[in-house]
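Letter by letter, the chains look like this.
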Amino acid sequence: MAQLWQHPYVNVFKHFNVSSWKKATKEGEVTSSMDKAVKSTVFKIVGSIPAGNYIQLPKTSTQSLGLTGRYMYLLIKPIPTKYFVVHIDVATQDNLVVRISFSNLFKEFKSTSTWLQFPFVCKATRGSVHAVTAMTGKENSGPAPLSTRWTILCLDFQYILAMYLNRKYSYIKGVRLCANMLVKNIFTSDIQYEPGLTVEQVKRSGGLSGVSPIPRELDYPVMKGDKWHDLYDMIKFPAEASNKPHDTIKSTSSEPSCKAVRPTSSGPKRIESKKVDASKCMSDRVSILHNVTKDSSNKYHRRRPVTSELPSVGVDDIEVEKDREGEIHVFAHPDSSVVLHQDDKYTGESLVARIDKPTDIFPVKKPSYKILEPDPILRLKRIIGFGGSSFRDALWTEDGHCLVYPCHAVVVAMKISNGHQRFFIGHTDKVSAISMTSNSELLASGQTGPLSVVRIWKMLTGECLALCKTHSHSLSCLSFSHKGTILCGVGKDSHGKNMVVIWNTSKVSKTREVTVMAKAHSDVDICRMRVAAFDDTRMVSCGRDNIRLWRVKEGSLRSAPVNLGEYHNMELTDVAFEAGYHTNKDPADRIVYACSRSGHIFEIDIKKVCVQHVRRLLPNEARSDKDKQTFRSGPGIAINCMSINETFCVTGSDDGFMRLWPLDFAHVYLEAEHEGSVTAVDFSSDGLKILAGTAQGNLGMLDITSRGYTTLMRSHTGSIRSVAVDPYRKHIATVSEDNTIRVWDSESLQQLYDFSAPNECPCTISYHPSRQIFACGFESGVVRVFNVQTTSLLAEHKQHRGKVTGLSFNPNGDFLYSSCSLGSLAMYDATSEGYPLLRLLGNTVARGERYCPDALAVSPDGRRVAFIGPSEYTVTIVDSKSLDETMRIDVSSIGQGGKSRIDTAAKIYYSPIKVSHLLVVTGNNKLLKFEAKTGRILSEVDHIHKNGCSSIALTDNGNYLATGGDKVIKVWDYNMRLDINFQVFIGHSENVSRIIFTPDSKNLLSVGEALYLWDFLAYRPSSPSEGREYREKDYLTGHTDKPTAVSFRSNPSTRSPSRDSLGESFLDMPRRTPPRPAREDSPGRIGDLSSIRKFPFDDDLESVSSEKEPVLARAPRLEDRVTHNHSDDDELEPDTESETLVNGQYGQQFIRHTSPARMPCRHAAPMGMTPRQKHEETKVTKPGAFKHFVQREKTHAMAQRRYTAPPNQAGIKLKSVIGYNGNARNNMVWHPDTGLFVYTTGNTIIIEDLNNSSQKHLTGHVEEISTLALQNDCQTLASASGSFELSGSQICIWDLQSLVCKKVLSHHEFDIVCLAYSRDDKFLVSVGDYRDCSLVIWSTHNYCILTTSKAASPIHDLRWDPYTVNEFSSVGQNGTVLFWLLDETTSNICLNVHEGEVPDDLLYAKGSGMKKECVEFTCIVYAGDSTLYTGTSNGKVAAWDTNNNSCFMHWEADTSEIDVIINRGNLLLTGSEGKNVRVWSVVGVGEMRLPGEHYNVRTGGLTMEDEMNVDGAVVSAAFDEAMDMGIVGTSAGTLWYINWGERTSIRLVSSHMNKVNGLSLCNNELLASCADDGSLRVWAINDREQALQFQVKDQSCTCVSFAPMTSVKNGITDTHQGRDHLPNIVAGYSDGTVRMFDVNKVEMVLKMHPHAVAVTAISFSSDGTMIISGGSDGLIAVSSPTTGMTVRVISDHKGAPITNLDVTNKQDQDVGVSAPLLWLATSADRRVSVWSADWSKDFCELVDWLTFPAPAFGPDGSVLPKNDQAVFNKLPPSIARFSPEEPDIIVYTGYGMQKNMQFYSLSQRKVVRTLALTHWCRSLDLVAECPLIAIGANERLLKLLDYFEGSFQDFIGHNDRVQTVKFSPDGKYLFSASHAEIFIWDVAL
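Treat the numbers as computed from the prediction; the structure is a model and nothing was measured.

### Comments concerning the overall build of the chain
- The helix and strand tally for the chain stands at 14 helices and 140 strands.
- The 1885 residues of the chain split such that 60% are buried.
- When contacts within the chain are restricted to residue pairs at least 6 apart in sequence, those whose partners lie at least 24 apart make up 53%.
- Working note: accessible area of the chain is about 75300 Å², and carbon and sulfur atoms make up 48% of it.

Dropping the structure here:
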């Protein structure tokens, strides 16, 4: 019924009576008015915030419109220069509400499961000035233009929901129209209406199905004689609304045509797509953008509709074009186009392809026009330069690995480790200011000049999120708030007054919305302004004669000047807020520092708005008494900039010094001198590095710890005039207006040489073609020749009187030619010493300086020299040896077509010999091509640049031309045979002086304001893979075809093959990190045919069949063969024969298979997908296999700020480590021949000598080591660790002779699960975990990447074939067994891969029901008879024939997952997750693959020879060649020595399985430890042997304590026996029990249950007569170890867990209280109770009570809830200990206002002193023998403090927080525990 009353349409505004506002609601500025254009009442919605000004239908969100019409028509008009938003809530048939929004606020299409956002692009009114001026502009969403017109927007909800969300449309629930727009009406219908169409036209055409004229009441008025489309716009989304779901955008027309409505006799037919001039494809349109997404499950199975189609009616043809903006546009006007766009979300790189007319299914056919490919053809690689508009800004990123700085119009982010640069390009003028948020997520940059645009970028991707155009010009300063919610900018308004603007940027990351929060005008000078880190509403600024404090309050920006008093006439240059967060201070109680050019440092009190201190920094030179200056008049240090952290202040000054000061400025801590004024300084986040920028364009870094200085960048300070390249030594030489000539290394771009000419400006340069010599011409007319190697002057000539405009060697290096601006031409003999002048001609070259630096051109063969002259209308060619004229070309009238305009020559250039052309650029911006020998005109190209071409260059092959001009670079197809012959590249802010290609054509150099190095991506050497033999199995016949020649052809709709290696083709798994090519001299290549996305009826892949092959009607595409689902496999693949055989004494059942012949390899995708795609998962989940390494969860990363001492000054040294990491995989190496034994724990590698148990340690990893690999020569070890927070994944290469790390490799993004060396040690392969599945081949020669690939499923194990060359295999998830071949026969090393066919009975687990789940192959090993064994997750072992990569048998070797498999001859060892190690005899198994050998398993084959059980899942194993003995590692943290002959197993290494909670020592020989695994273990310290273990199941052992030795001596009379008798151990458990163990008898002697909750602290009394234990509820129990009775319960600390107990051993201490024996207890609520006790008299009395304050918020700033005990787990623990150095002192540390340690005096009853800490304390211990304090921190640091002085050292090595620390009684050893590892340190002090 709903559909009936809504037919044919619903007038929404009339039906719901919007004007009465009873069924609708309005908010904000909504008014009704009469519009003259549409002659009706319309609603006007305006307001600065769209979300606050809107019309909503229905009135409340709980109601529903219930409109079921398929189409919605919106009659709207965007308000000029404003933004608008429309939200439509649509319900689906499964009752899901989806919001569809479109707005010109949106920059790109975004989608979620319940929200679709489409950008809306507004174009100006057709024919208006704005439309004409925008003809050449680029379409982007943004505010509406100054002239807009009424539009009908038609939305097809049925199509939109089906296409984007795969759901069915039901009805419209609600509509919200937000500012700023005019709205006439909304109506819905199931009919597709066409504007401008009359009923008569429809009748004459015989009726058009589904198309009707718009009802009159809903149409716009059209006067007689006018056309509808000339007055209004019609937008259909999608373009053809009658298309079925999942069809692509269809070609329609924007205006009715007579042909379209004329009846036809033969029925409807398809109308051919209209071809449109590509140059107009971006003009005159109003469009909605969307991103096409496809259903991946059936994307290749859609069929082309065969029914013919109605003619398109109503609008002109629409084209489809794919551009670099990542959106899809639907356009309404003729000559419009639809733009498809995608961005790589990981790299931020635009994926470019162009498509012509859309067809019925996506993807579409190739375009009818041709463009220059690849697109883009240039990619900016490096820039040499710093500054431009200003040298004041250079910033560190948060991690301290990159620095960000402006270089003219580009912002550069450079990684300091390798110099790699990323670029933020978009500014049109020089960048004058940059600012970054504290977490380095957002970057703001502003440009100077008349249009001061501020851009906000996303640092990770380089994407521009927003633009702000508030200032009119001269933007000078930007400052982000700490969290990035506020951005402050200083510039000038249109009247030239200073204007301060505050933008709200809190939503810019999510919605790209930036609003002006406040702004203010000021007459005072402002040179620097900063936002306070502690308060986003406070700012401070400084300038000439003023310092002002600013504050945003109630939407207005107000300022208050600071009274400078007598210092008011000073030029202040920089300001900075006091750094650090002080919990004991009011946020506003801060100090502001300011500096001046007179050397004054001001300290300003924010609260009082006054100067608190003034200091004068004076130079260090000694002066006589006569020169003595007063405080105010002395020549102070002219300070330009400053930066402050918690400890230091760094200043940069005009004298070139960067100085590091303490905050009291008492003395200079460090200083570094520079060549010019230091203009920018910045601290890294850890405070250890300082960045410095100078006015000379240099960037440097000072390392505070090492006091070393590194120059990161040098640059010219003036414009660069010219550039030349040394082709042999890869040097680049530049000449600049700063009067310098500089030589750079082309690979590192570091400056090598600097030739300065103080009074002369060089203007042109030319390198000798073979020698390390260059010639340089100067403005004075002097020509000088320099030897670069010796930095000497070889020759100097002063024949020229004018500026040298041309200078060039001939290709042979025999002659040097020069010309000057006064017309003279000179030739020099370059073979003779001194370069004598051979000939000088006057008035030969055209006069003028505008021809510099390319006034001369020498032909490639060296026979001719061309120049412009003798007049500007002619080009003269002379003989190169005699300078005799051979030809003259008049260019004044060429190509004028009868016009009277005279042309002039501006630039000349000889093309390479292959082309043999002479190119001339004229003054009218034409490019003329002449035949070099005859001078015949060949062609001309008009308008190559708008305002003139400044330089041209050609590639050596003559295919590409590059031109510079208009601040852009254009790259052209030299033959000009395309529809679009060029591409344009921006980046320069000044005119391009010169561009040249490097000799290898791989790079382009452009110079102007800086030196730009571009990658030229069109270079692609011939690939042997093209046309190589390729065999493919025919799935229709089941046979393997004969060899087929496969070739590639470039597809204009995609990027070039050279770009495909960067991730374009591999859309299923986008690349997360930049791919690395196989070699530096060649771009990437396409390796895997299956990884290239092909489309139906696409002809990119051509196959030439043999004549003898059967011709099929339609063979399946390559994608069909690779990506079909499993059901297709069952239907198409022939059944493999299988037989069940029984053999062996245990009756093992194994299955033998026969399979088809081997399918040869495909090329593996470089970071693409391996062939198996049928099990691909859209969501990354952890593999179910135990084998796959997953990093143990941690909460704290390594401290970024730490202070480590040099090795010779370190207070402790690592002696040994107790532990083995059972969470890693294959992390143990044992070589039986050399005895090398290596294993890992945490991030430490341990090399242990099995003869004497000594250890050596390799430390360098930051995160948990996942696996090891040993070279076959036992000289090199590789270890891998993953990433965590700021730490990246690493592969360390260790030299085992010197025990040093010789290389650190970084490529993988996450964990690394496999490492393996090839048999010849030439290659190392590394495999990433399930999150990236990347496989990387490294060369062990220099450890560079040879090639990379990506697997479709996670890889669990990988092994090289030791019997063949360059082959290896891998196994992994989804039953994948991959056989790889590293192909070195081609110019580009590549990987070929073949996937083995897995039999179904092996691939699928039994009893899996209807849903078949693949098993996972978990381990792999090669045998010597072309046999490969693999283990599976369900306990099976499969045997494979490596000749044809087929499985021929398998058997069940275990009941659980097999994780380790080793082969030695005829023996096979398997280690399983079920704790079993088994040895199998596999005699004769390899023969089963032979034909006729079905039952030929020789006697003794396939039998289990032996078995042994271990204490955990097997994670690593190593055995000798005879399989007699070996070492096995388990997940329980144990390394077992196994001897099969003796059937013995011995523990070599033991460790806890879980977190260690406590340590205790009885003497210097035994160490007790307890852990969450319920075990209490006793270790012998000398050899780290586990002496005892007491295990309690299902409980955690939380604390442990040895009884004091005095209790043993008191209870035993025999002295000898007392010396050997060991004290008891008491331990507390999580169930509240306390157990006491007798170490001598190895038994538990007592069990008590004094607590109802977990025991958190335990200790014996000092005399050993009582056990004191504390619980998590705050109760303290005192129990007797003899009777087990609890004699006293102390409840003073009730409510907070007891964190520690401590007792003293000194009796009758004089501490101001009666104290026979003292003990104390500390609780988590920062309370300490001190007790005096005499347990023999049952005396225990409270003598002191300490309470320490703390803020009401946690360390992270979050508010702490009250009365919640869980809050104590979030805070650092409270720890108190009696001081062994001072009897009456208690040392306390815990959470408080500051990180410190407090010393409380019992006698004085107060805190007498404090020591500042850099980290919160997790654990603490002191020792009587030396004045040291040991502290463990959450940030994985072990800190050693001097008890009296407070100086400290940090020690790293732990992989998690340091849970507990303990000194040995004699102070010689320090023990620290982190998770399950225990470190033993030698105390050196």
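### Brief notes about the side chain of glutamine 56
- On the secondary structure map, glutamine 56 appears in strand β5 (residues 54–57).
- Under the relative-accessibility criterion, glutamine 56 is labelled buried at 12%.
- At a separation of 2.4 Å, a polar atom in the side chain of glutamine 56 contacts the side chain of arginine 176.
- Each residue touching glutamine 56, except ones within four places of it in the same chain, is listed here: Ala24, Thr25, Ser61, Val175 and Arg176.

### Overview of the sheet that holds strand β135 (residues 1828–1833)
- Sheet architecture is open: four strands sit in the order β134-β135-β136-β137, paired in antiparallel fashion. At either margin of the open sheet sits one strand with a lone partner, and together these are β134 (1817–1822) and β137 (1848–1851). When the angles between neighbouring strand axes are averaged without regard to direction, this sheet yields 20°.
- Of the pairings in the sheet, the one linking β134 to β135 comprises five bridges and is antiparallel in character. Bridge pairing links leucine 1822 to isoleucine 1829 in β135.

### A closer look at the pairing of strand β96 (residues 1334–1339)
- Burial analysis of β96 places six of its six residues in the buried class, which makes it a mostly covered element.
- Neither face of β96 is left uncovered, since the one carrying Ser1334, Val1336 and Trp1338 and the one carrying Leu1335, Ile1337 and Ser1339 both have all their residues buried.
- The hairpin turn running from strand β95 (residues 1323–1328) into β96, its antiparallel successor, is five residues long, and cysteine 1333 in that turn takes a positive phi close to 55°.
- The sheet contact formed by β96 and strand β97 (residues 1345–1350) spans five bridges and is antiparallel. Across the sheet, leucine 1335 pairs through a bridge with serine 1349, a residue of β97.
- Adjacent in sequence and paired antiparallel, β96 and β97 are bridged by five residues, among which tyrosine 1343 carries a positive phi angle near 55°.

### Observations regarding the sheet that holds strand β43 (residues 610–616)
- Taken in spatial order, the four strands make up an open sheet running β40-β41-β42-β43, and their pairing is antiparallel. Across the chains shown, the open sheet's two edge strands, defined by having one partner strand only, are β40 (572–577) and β43. Pairwise comparison of adjacent strand axes, ignoring direction, gives a mean angle of 20° for this sheet.

### Here we look at the packing of aromatic side chains
- A full pass over the atoms with the stated rule returns 58 aromatic pairs.
- Aromatic pair tyrosine 9 and phenylalanine 187: ring centres 6.2 Å apart, planes at 75°, arrangement edge-to-face. With tyrosine 9 in strand β1 (residues 9–11) and phenylalanine 187 in strand β13 (residues 181–189), this residue pair connects regions lying 178 residues apart in the sequence. Assigned by exposure class, tyrosine 9 and phenylalanine 187 land together as buried.

### Here's the deal with the side chain of serine 445
- With respect to the secondary-structure elements, serine 445 resides in strand β29 (residues 442–447).
- Side chain to side chain, serine 445 and histidine 427 meet in a polar contact 2.6 Å long.
- A polar atom in the side chain of serine 445 sits 2.7 Å from the side chain of tryptophan 457.
- When residues no more than four places from it in sequence are discounted, the contact partners of serine 445 are Val411, His427, Val431, Ala433, Ile434, Val453, Val454, Arg455, Trp457 and Leu478.

### A word on helix α4 (residues 157–165)
- Among the nine residues in α4, eight count as buried, and that is most of the element.
- Where α4 begins, one side-chain oxygen reaches toward the backbone nitrogen of glutamine 158, 3.2 Å away; that side chain belongs to aspartate 156.
- With its phi angle positive at about 55°, asparagine 166 sits one or two positions after the end of α4.

### A short note on the pattern of salt bridges
- One pass over the full model with this rule turns up 52 salt bridges.
- Arginine 742 is the partner of aspartate 738 in a salt bridge, and the nearest nitrogen-oxygen pair spans 3.6 Å.
- Taking the relative accessible area as the measure of exposure, aspartate 738 reaches 18% and is therefore buried.
- In this structure, arginine 1577 engages aspartate 1573 in a salt bridge whose closest nitrogen and oxygen atoms are separated by 3.7 Å.
- Classification of arginine 1577 by relative accessible area gives buried; the value is 5%.
- We classify aspartate 1573 as buried; its relative accessible area is 13%.
- Here the residues in one salt-bridge network are Asp393, Arg528, Arg530 and Asp574, joined through shared partners.

### Details of the pairing of strand β90 (residues 1265–1270)
- Counting buried positions along β90 yields six of six residues, so the element is predominantly enclosed.
- Note: β90 against strand β91 (residues 1276–1281), five bridges, orientation antiparallel. From the neighbouring strand, leucine 1268 faces β91, where its bridge partner is serine 1279.
- What sits between β90 and β91 in their antiparallel hairpin is a turn of five residues, with cysteine 1274 showing a positive phi close to 60°.

### Section: the confidence of the model for the chain
- Per-residue pLDDT for the chain averages 79, and the proportion of residues at 70 or more is 79%.
- A low-confidence stretch, residues 132–138 (pLDDT under 50), is modelled with seven contacts involving residues beyond four sequence positions or located in other chains.
- Low pLDDT (under 50) marks residues 1612–1618, which in the prediction has four contacts with non-local residues, meaning those over four places away or in another chain.

### Considerations on the environment of glycine 1328
- Mapped onto the secondary structure, glycine 1328 falls in strand β95.
- Distance in space between the C-alpha atoms of glycine 1328 and histidine 1308 is 6.2 Å, their sequence separation being 20 residues.
- Among residues more than four places away in sequence, those in contact with glycine 1328 are His1308, Asp1311, Ile1312, Val1313, Cys1333 and Ser1334.

### Side note on unusual backbone geometry
- Cis geometry is found at the peptide bond from alanine 179 to asparagine 180, where omega equals 10°.
- Mapped onto the elements, asparagine 180 comes out in the loop between β12 (169–178) and β13.
- Here glycine 869 and proline 870 are connected by a cis peptide whose omega angle stands at 0°.
- For proline 870, the location among the structural elements is in the loop between β65 (864–868) and β66 (874–879).

### Observations concerning the environment of valine 1743
- Mapped onto the secondary structure, valine 1743 falls in strand β129 (residues 1739–1747).
- Taking the C-alpha atoms as reference points, valine 1743 and serine 1732, separated by eleven residues in sequence, lie 6.4 Å from one another.

The rules behind these values
- Residues numbered from 1 in each chain as written.
- Predicted model: local features only at pLDDT ≥ 70, side-chain atom pairs only at ≥ 80, totals over all residues.
- Heavy atoms only, no water.
- Helix = DSSP H or I, 4+ residues; strand = E, 2+ residues; numbered from the N terminus.
- Buried < 20%, exposed > 50% of the residue type's maximum accessible area, 1.4 Å probe, protein only.
- Contact = heavy atoms within 4.5 Å.
- Areas by Shrake-Rupley, 256 points an atom, 1.4 Å probe, with all protein chains shown as cover.
- Polar contact = N/O pair within 3.5 Å; in protein donor to acceptor, adjacent residues only side chain to side chain.
- Pairing = 2+ DSSP bridges.
- Axes fitted to C-alpha atoms, helices over the stretch in contact; angles between N-to-C directions.
- Phe/Tyr/Trp six-rings, centres within 6.5 Å; stacked < 30°, edge-to-face > 60°.
- Salt bridge = Lys/Arg side-chain N within 4 Å of Asp/Glu carboxyl O.
- pLDDT = per-residue confidence, 0-100.

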